[in-house]
Structure formats: structure tokens, C-alpha cells
Amino acid sequence: MTDLRSARWFGGDDEVALLHRVAVAASEYAPGRPVIGIAVTGSDLNPCHGDADRLADAVAEGVRRRGATPMLFPATSLGEDLMKPSAMMYRNLLAIEVEEMVRAYPLDGLVVLAGCDKSVPAALMGMASANVPSLVCLVGARRSGDFDGRRLAAGTDVWRELDRRRSGEASDAEWAQFETCLGRVGPGICNVMGTAVSMGLIAEMLGMALPGSASAVAGGDDILASAVATGERVVDLVEEQLRPRDRMTPAAFANAARVLAAVGGSTNAVIHLLAVAGRLAVPFDLDRLDAEVRDVPLLTDVEPCGRGLIEDFHASGASPALVAALGDLVDRDVLCADGRSWGTVADAAGVRGPAIAGREHPFGPAPTLAVIRGTLAPDGAVIKVAAASAALSHHRGPAVVFSDYEDMRRRLDSPDLEIGPDAVLVVRGCGPVGAPGMPEWGMAPIPRALAERGVRDMLRITDGRMSGTSFGTVVLHITPESAVGGPLALVEDGDLIEFDLATRRLDLLVPPEEVERRAAAWAPAESAHVRGWPAMYRKHVLPASQGCDLDFLTAPTGGSTQFVEPVVGRS
Ligand code: FES
């Protein structure tokens, strides 16, 4: 019989245990059975999680089938569309909530309903710290809508239509029709290889979500069956006492990085991987990531790096088929969430469909993702090579500097902006401290005057992020960020900037003595955020190169998660 954490609340003959038993008298609780918390993240404010309540009931059903007690509770819903300045600023808040709900309540195991971008890393971070047997239940990818006779790619088609709109190609009627079509699409996460599916696949590779669930269609039979199986499996994990730290190993992180590269996944996932690793003191940093992904080609044909949608990836065999295609590029001995090795899962995958390629005929060359350094990014930056223009892989041009997002929005289309197609757009003030919260402001649109001349891509560099559904030659997450005095803060209009993918460098071609002069004259801007979560976030957030976690939430190198159980007595 497993020692249950919940027994500390419910076992015994004193008034404390009596009151605890009374508190659950109206529930399904039965003495001696594991209690499984199910964090429900559905919300009217988050359409991506529109199916979360139904899936939570399915998880509960799976828990009951294994003889345990499901306990549903609400948790913060991180909706990418409406949260401002960015759901990224609230990722750490949900991670804290997950950890603290486990600490405070008599839970033996945990399932978090997650899917929309930041909810998956938040769940993984909280689970890593609390370290009770846990699984993520993914909410499914939304069905593709229809626009102008073709399937709609969430997010990616928005950027594409925006380009058409800005260049004058899309009429008012087409733009309105596009909005109507987008609005008809039902619940679920973005149906391209954006951050949400990228993080779902990472959760799978870390052994924290059932294989194949990241790409299942919302509302379909596969995702419902997966939710029930998640409920069943988490009870098994409690009985086997298999905890997140047992499964999120260095080898699992290496596999996750390689899968991310093989799908041309979101650059945001790099930050999240670093943050989860930081919770576990797993030695995984930007250099490690770059080494892991260097030889991995693009093996999936899914937007924004390819042509298909997530439903095509799922129909082609999903993660099991992808792992089979990766062959010895992944460690097949790593365990997945259902207890099998990834080698076993891959061998059972069967014939893969057209959206997943073998290594001998990839959809694109390695690397699909690269870590960049140089005088402008001494602590690192990231570029999604698979979504960038090969013609810009070596580029030198004059800087056009925007001091922050609002400056960029105000001046980008101004007739007074002097800019040519070889310019390097610098968008700063978008980092974790500067914005704050590091919104997806980094992919500046092509200035209208150039878009109308047919320019579709330019080199853009930023300390911000871009949506996982985006594309273009954008060097992101430049660290240190400008708000703390990183070199990006010192760039002036007209400075020459050089980017070279082959050597992975981004350099400011300004004499060192001039850079020193500018640095001596630089001072941080005053922030209006002097209270509340934004103030706490700014004070404690780590740089993007370390995952943007809060400094007091990471685990010391080689240390435990430092999770301290509460005293269970009178409240
Ligand atoms: Fe929620 Fe894309 S906006 S997953």
C-alpha cells in the first residue's frame, strides 16, 4: 500500500483530521484512496481552453476507474489572445499557483488542463517544483476553418493576411471576411506548429503528457480518450511513486530539444525549456540547446515552416511517428508518460503519413533553430532558421532603431521614416524587465512603404519574442536586454549591424571606444510599475537566456526542488 500524502490530512483521531474528513464528507472521498487534484483552466476569457471543463470531467472519470478520488479546482487561465501585456508575464504566476495548491491541499497526484501557450510551461514548472506524481492533460488543437476556399492556419494566416492588408492587396471586404472566418473556428489551441503544440510535444518528450496528445483535435475522440487515460495513468504514477523529477531527466530534455528542432517549433519554447530545467537544476542552457539541435533537420511539413496543419501532423502519426523518423537522433530509452520507452512507442507507430519525413529526405536542412551570440548579444539570442530567409543568413545593414513597441507602431509606416530594404530593424524595450513581461513584439511588420514595393522579409533584431506562428528573419531574445543596459540599448540609427548565421554572430560594427562612450552616458528609464505583480516580476525575473523564471523559484545546482511540506494542524 502506497504511503499517501493525503493521509497526513485525513488519518488520525484528533479534531484536525476529523474536521478535514468533515470538509470532504459530501465529496467522493473514501479513506485510503489517492486524492487526485485536477486543475481546471477553462475560462470565458480563453477560447483555446473552451473544451477544458469537458476534458476535466473525462480526467475525473479516468481517476475513478482506477479507484481514486478526483478533486477538481479552478486555476488561472492563461489566454494568449486577451491577456496584456502578454500571458508570458503570468506564466510564473500560474506556476506558483500550481505549486502552492499542491502544497496547501491534500493532493497525492495532480493533473493540469493546459494547452494555450504559457499554460503548459507553467504547469511543468509548478509540477517540477512540487514534485508530486503529475501529468498535463492537453486540450487539443482547434479545427481548421475555411477562408477563400482554403484551410485557415491559426496565427500564421493572420500574419500573412496582415502583410497583404498592409501592402494594399487585401480589400476591406476580404479583411472583414477573414475576421468572420477566424471567429467561426471552435475551441482548441492554434492548429499550426506554434508555441502551444511545440510545448505540448515538449511535455510529451519530458514524460509529462501522454504520447500523441499534443496534436489531437479538440472535441475529437482521440483527445477525449487521452483525457480519460491521463486520469487513469496519474493514479498509476501515485501507486508507483513516479515523480516529475524521475522523468524530466537530462536525456528527456535533450530529446525535447531535438523534437522542437525537427518540427521547426516555436522559439518561445526555448525560454520555457530553460525555465523548467531551472526548476530541476538540470544542466540545460543555451549552449546545450544549440549543440542538441545543430544536426536536426526539419522533418515535418506544418505551418509556419511548412505547408500543412496540425491535423495533418496528427494524421501522419503524430509524435510516435516523428520519434521513429528521428531514429538515433533521440534517446529511445527515455520513458514517456504511459510508462513505455520512446523506442517502444516509435516501433509501434506504423507507417507515417506525408506530413512527417524521414531524415534522408527532410523538408529542410539542419539547423532549424540556432543560438546567436556576438557583441550585440553577449549572453545569447535565438533565431528560427527554418522560418527565416536564406538570403538574409549573412547580412550587413544600417540600423533603424525603435526605442519600444509604441515607438515602432507610431513610426513604422510614417512617410518620414527613411528606410531601405537592407535596413536592420531594431525593436528594443521588449524584454522581460523592459516591457515588462517580454511580449511578442519582436517581429516588426515590414514598413508599409517597403511592403508596397514587394519587400516581404528584412533582418529584425529584438530583445522581445515573436509568436510561434510567425515567420521571418528575426533574431529574438537578445540578452542582456536593453532595459538593463544590454548593448542593444546603445545602438543608434545608421549604425552598421552584421548578422552571420554560419558563425552564429550578431555584431555592432561601431568602434569600441564609441560604444564605451555611449554606455557611460546610458541610464535606465524609470518604470511606472512600482506595485503589484508587474513590480515583483520586474524585480525578480531572470533574463531570457535563463528562462525568465523568478530568481527565488529556481533550484540550486545539484539541489532538490526545495519543496517544503506544510505543517498539517489547525488552519
Ligand atoms: Fe491559444 Fe494559440 S492563442 S494556443
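Residues numbered from 1 in each chain as written. Predicted model: local features only at pLDDT ≥ 70, side-chain atom pairs only at ≥ 80, totals over all residues. Heavy atoms only, no water.

### Notes on the overall build of the chain
Next, step 1: Check the secondary structure of the chain and you find 20 helices and 14 strands.
Next, step 2: Judged by the C-alpha coordinates and their principal axes, the chain covers about 80 × 55 × 45 Å.
Next, step 3: Scored against the burial criterion, the 571 residues of the chain give a buried share of 60%.
Next, step 4: Total accessible area on the chain is roughly 21700 Å²; 52% of this is exposed by carbon and sulfur atoms.
Next, step 5: Side chains of the chain give 54 positive and 75 negative charges; the mean places of these two sets differ by 1 Å. (Helix = DSSP H or I, 4+ residues; strand = E, 2+ residues; numbered from the N terminus. Buried < 20%, exposed > 50% of the residue type's maximum accessible area, 1.4 Å probe, protein only. Areas by Shrake-Rupley, 256 points an atom, 1.4 Å probe, with all protein chains shown as cover. Lys, Arg positive; Asp, Glu negative; His and termini not counted. Charge placed at Lys NZ, Arg CZ, Asp CG, Glu CD.)

### As for a nonpolar patch on the surface
Next, step 1: The grouping of L18, L19 and V22 at the surface amounts to a nonpolar patch, some 290 Å² of accessible area in total.
Next, step 2: For L18, the location among the structural elements is in helix 2 (residues 15-23). (Patch = residues over 30% accessible without salt bridge, like charges linked within 9 Å, V, L, I, M, F, W, Y side chains within 5 Å. Salt bridge = Lys/Arg side-chain N within 4 Å of Asp/Glu carboxyl O.)

### Describing the side chain of N268
Next, step 1: If you trace the backbone, N268 turns up in helix 12 (residues 268-280).
Next, step 2: Classification of N268 as buried rests on a relative accessible area of 0%.
Next, step 3: Those residues within four positions of N268 in sequence are excluded, and the remaining contacts are T195, E440, R465, M466, S467, G468 and H477. (Contact = heavy atoms within 4.5 Å.)

### Quick notes on the environment of K539
Next, step 1: Locating K539 in the fold gives a position in helix 20 (residues 532-540).
Next, step 2: Residues K539 and L550 lie eleven residues apart in sequence; the distance between their C-alpha atoms is 8.6 Å.

### Some remarks on the packing of helix 6 (residues 156-166) against helix 7 (residues 172-184)
Next, step 1: Remark: helix 6 packs on helix 7, axes separated minimally by 11 Å, with the N-to-C direction vectors making an angle of 170 degrees. Between helix 6 and helix 7, the angle is such that the two are roughly antiparallel. Two secondary-structure elements touch here, helix 6 through D157, V158, E161, L162, R164 and R165 and helix 7 through D172, E174, W175, F178 and L182.
Next, step 2: Partitioned by chemical class, the residues of the contact of helix 6 with helix 7 number five nonpolar, no polar and six charged. (Axes fitted to C-alpha atoms, helices over the stretch in contact; angles between N-to-C directions. Parallel < 35°, antiparallel > 145°, perpendicular 65-115°, else oblique. Nonpolar A, V, L, I, M, F, W, Y, C, P; charged D, E, K, R; others polar.)

### Considerations on the sheet that holds strand 11 (residues 459-462)
Across a sheet, strands are paired by hydrogen bonds formed along the backbone, either parallel or antiparallel in direction.
Next, step 1: The mixed open sheet is built from eight strands, whose spatial order is 7-8-12-11-10-9-13-14. Every interior strand has two partners, whereas the edge strands, strand 7 (370-372) and strand 14 (505-508), have only one. With strand direction ignored, the average angle separating the axes of adjacent strands in the sheet is 30 degrees.
Next, step 2: Summarising the sheet, strand 7 and strand 8 (residues 381-383) pair through three bridges and their orientation is antiparallel. Bridge pairing links V371 to V382 in strand 8. (Pairing = 2+ DSSP bridges.)

### With respect to the packing of aromatic side chains
Next, step 1: Inspection of every chain in the model, using the stated rule, returns six aromatic pairs.
Next, step 2: Measuring from ring centre to ring centre gives 6.1 Å for W175 and F178, while their planes differ by 25 degrees; the resulting arrangement is stacked. Highlighted residues: W175 and F178, both in helix 7, separated by three residues, approximately one helical turn.
Next, step 3: For F178, a relative accessible area of 3% corresponds to the buried category. (Phe/Tyr/Trp six-rings, centres within 6.5 Å; stacked < 30°, edge-to-face > 60°.)

### Description of the sheet that holds strand 4 (residues 134-138)
Next, step 1: The parallel open sheet is built from four strands, whose spatial order is 2-1-3-4. The open sheet has two edge strands with one neighbour each: strand 2 (69-74) and strand 4. On average, each strand axis in the sheet is inclined to that of its neighbour by 20 degrees, with strand direction left out of account.
Next, step 2: Two elements, strand 3 (residues 109-114) and strand 4, share five bridges in a ladder whose sense is parallel. Bridge pairing in strand 4 places V112 opposite V136.
Next, step 3: This element, helix 9 (residues 221-240), spans strand 1 (35-40), strand 3 and strand 4 of the sheet and lies at about 175 degrees to strand 4.

### Points about the environment of R8
Next, step 1: Note on placement: R8 falls in helix 1 (residues 7-10).
Next, step 2: Not counting residues up to four positions away in its chain, the partners in contact with R8 are E565, P566 and V568.
Next, step 3: Here the side chain of R8 touches P566 through a polar contact of 2.9 Å, landing on its backbone oxygen. (Polar contact = N/O pair within 3.5 Å; in protein donor to acceptor, adjacent residues only side chain to side chain.)

### Details of unusual backbone geometry
Next, step 1: Residue E303 is joined to P304 through a cis peptide bond whose omega torsion reads 5 degrees.
Next, step 2: Of note, P304 is situated in the loop between helix 13 (286-293) and helix 14 (310-315).
Next, step 3: Between A435 and the following residue, P436, the backbone shows a cis peptide bond with an omega angle of -10 degrees.
Next, step 4: Within the secondary structure, P436 is located in the loop between strand 10 (424-427) and helix 18 (448-451).

### Description of the side chain of K118
Next, step 1: Inspection of the secondary structure assignment puts K118 in the loop between strand 3 and helix 5 (119-130).
Next, step 2: For K118, a relative accessible area of 0% puts it in the buried group.
Next, step 3: In contact with K118, other than residues within four places in its own chain, are L78, E80, A87, M88, R91, H272, E440 and R465.

### Some details on the pattern of salt bridges
Next, step 1: Within this structure, the stated rule accounts for 50 salt bridges.
Next, step 2: D347 is paired through a salt bridge with R332; the nearest N and O atoms lie 2.9 Å apart. Within this pair, whereas D347 is found in helix 16 (residues 342-347), its partner R332 is found in the loop between helix 15 (318-326) and helix 16, the two being separated by 15 residues in sequence.
Next, step 3: In this structure D347 comes out as exposed when scored by relative accessible area, which is 57%.
Next, step 4: The shortest N-O distance in the salt bridge between D407 and R410 comes to 3.5 Å. Residue D407 and its partner R410 are both found in helix 17 (residues 405-411); the two are separated by three residues, about one turn of the helix.
Next, step 5: Residues joined by salt bridges that share partners form a network here, namely R150, D157, R160, E161, R164, E169, E174, E303 and R456.

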